[in-house]
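Examining the three-dimensional arrangement
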Amino acid sequence: MDEISRYSSGIVLNPDDLHPVIRDKDVETAKIAEKLMKIADEARKYSYSPYSKFSVGAALLCMDGTIYTGCNVETAAFTGICAERNAVFKAISDGRKSFAAIAISGGKHEMESGYCAPCGVCRQVLSEFVNPFEFMVIFRGVTGDTKAISFNEMLPYSFGPEILE
Ligand code: ZN
């Protein structure tokens, strides 16, 4: 097992196929969204959420094609972390800071919540690292339909690092 796969999901998509796909938002985006969502579903199985019973999994696609997964982790003291930040921090810890998309799967009692979108804290963390017009957020409704929107649609007028330049 190499260094990358030890810490990430071990899944690498071909970046040549990927970048134009994500940017163009054409029909291929649906395929990428579907793949990422399946990986998020797998990550969700590792969720430690005995208190809320709301399990979440995330799959973060880096610009080089590497995918990092994350699940939510709760504690009795009500501290913990969301799946999205878990995935982002894993990637950052591994030297990756350039991201293309994130898929999020979540709901209570292993059901679908219907468009499990990132919380405000996770949105702020993502805004630190992503191009808001290119980064895609992918989530799924209760009927299984997948929605892919740009980060800017999710957090317009965000406070990002460019403001401090
Ligand atoms: Zn969050």
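All figures in this text were calculated on a predicted structure; none of them were measured in a lab. (Residues numbered from 1 in each chain as written. Predicted model: local features only at pLDDT ≥ 70, side-chain atom pairs only at ≥ 80, totals over all residues. Heavy atoms only, no water.)

Details of the layout of surface pockets
Which entries qualify depends on this criterion: Throughout, the protein atoms alone are placed on a 1 Å grid, and a set of points is a cavity if a 1.4 Å probe fits but cannot get out or a pocket if it is open with protein on both sides within 12 Å along at least five of seven lines; lining residues have an atom within 4 Å of a point. Grid points are joined across faces, edges and corners, and a volume is the space filled by probe spheres set on the points. Think of it as three bins: nonpolar holds Ala, Val, Leu, Ile, Met, Phe, Trp, Tyr, Cys and Pro, charged holds Asp, Glu, Lys and Arg, and polar takes everything else, Gly as well.
In this structure, the largest pocket spans a volume of roughly 180 Å³. Around the largest pocket sit Asp-41, Arg-44, Lys-45, Ser-47, Ser-49, Lys-53, Ser-55, His-109 and Glu-110, which together line it. For the lining of the largest pocket, the class distribution of residues is no nonpolar, 4 polar and 5 charged.

Brief notes about unusual backbone geometry
Quick note on the threshold: The helix and strand labels rest on DSSP assignments: H or I over at least four residues marks a helix, E over at least two residues marks a strand, and numbering proceeds from the N terminus.
For Lys-53, which is not a glycine, the phi torsion comes out positive at approximately 60°. Here Lys-53 is to be found in the loop between helix H3 (27–44) and strand S1 (54–62). Despite not being glycine, Phe-78 shows a phi value in the positive range, around 60°. With respect to the helices and strands, the residue Phe-78 is situated in the loop between strand S3 (73–74) and strand S4 (80–81).

Focus: the coordination of the zinc ion
As a reminder, the rule being used: Only N, O and S atoms count as donors, using a 2.8 Å limit from the metal and a wider 3.2 Å limit for Na, K and Ca, and since water is excluded some coordination spheres may look unfilled.
Protein ligation of the zinc ion involves Cys-82 (SG), Cys-119 (SG) and Cys-122 (SG), the donor distances falling in the range 2.2 to 2.4 Å. Sequence spacing among the residues donating to the zinc ion works out to C-x36-C-x2-C. Of this pair, Cys-82 sits in the loop between S4 and helix H4 (83–93) while Cys-122 sits in helix H5 (residues 120–129); the two residues are 40 residues apart in sequence, bridging distant segments of the chain.

Quick word on H4
Where we set the bar: Per-residue accessibility, obtained with a 1.4 Å probe over protein chains only, is compared with the maximum for each type, and a residue is labelled buried under 20%, exposed over 50%, and partly exposed between these values. Note on contacts: a residue pair is in contact if any heavy atoms of the two residues lie within 4.5 Å.
Within H4, the full set of buried residues consists of Ala-83, Glu-84, Arg-85, Asn-86, Ala-87, Val-88 and Ala-91. Buried residues in H4 make contact with S1, strand S2 (67–71), S3, S4, strand S5 (99–108) and H5. Just past H4, the residue Gly-95 takes up positive phi, approximately 90°.

Comments concerning the packing of H4 against H5
We count it as follows: Helix axes use the C-alpha atoms of the stretch in contact, all axes being lines fitted to C-alpha atoms, and the angles between their N-to-C directions lie in the range 0 to 180 degrees. Just so you know how the angles are binned, under 35 degrees is roughly parallel, over 145 roughly antiparallel, 65 to 115 roughly perpendicular, and the rest oblique. The sense of a crossing depends on the near helix, which, turned anticlockwise from the far helix by less than a right angle, makes the crossing left-handed and, turned clockwise, makes it right-handed.
Between H4 and H5, whose axes approach to 9 Å, the crossing angle comes to 30°. With respect to H5, the element H4 is oriented roughly parallel. Remark: the crossing between H4 and H5 carries left-handed chirality. Contacts between H4 and H5 involve Glu-84, Arg-85, Val-88, Phe-89 and Ile-92 from the former and Val-121, Cys-122, Val-125, Leu-126 and Phe-129 from the latter. Class assignment for the residues of the contact of H4 with H5 results in 8 nonpolar, no polar and 2 charged.

Re the sheet that holds S1
Here is the rule we go by: Strand pairing is defined by DSSP finding a minimum of two bridges between the two strands.
Read from one edge of the open sheet, 5 strands run S2-S1-S5-S6-S7, paired in mixed fashion. The sheet is open, and its two borders are formed by S2 and strand S7 (146–150), each paired with just one other strand. If you compare each strand with its neighbour and ignore which way they point, the axes differ by 15° on average.

Shape is all these values report; function is a separate question.
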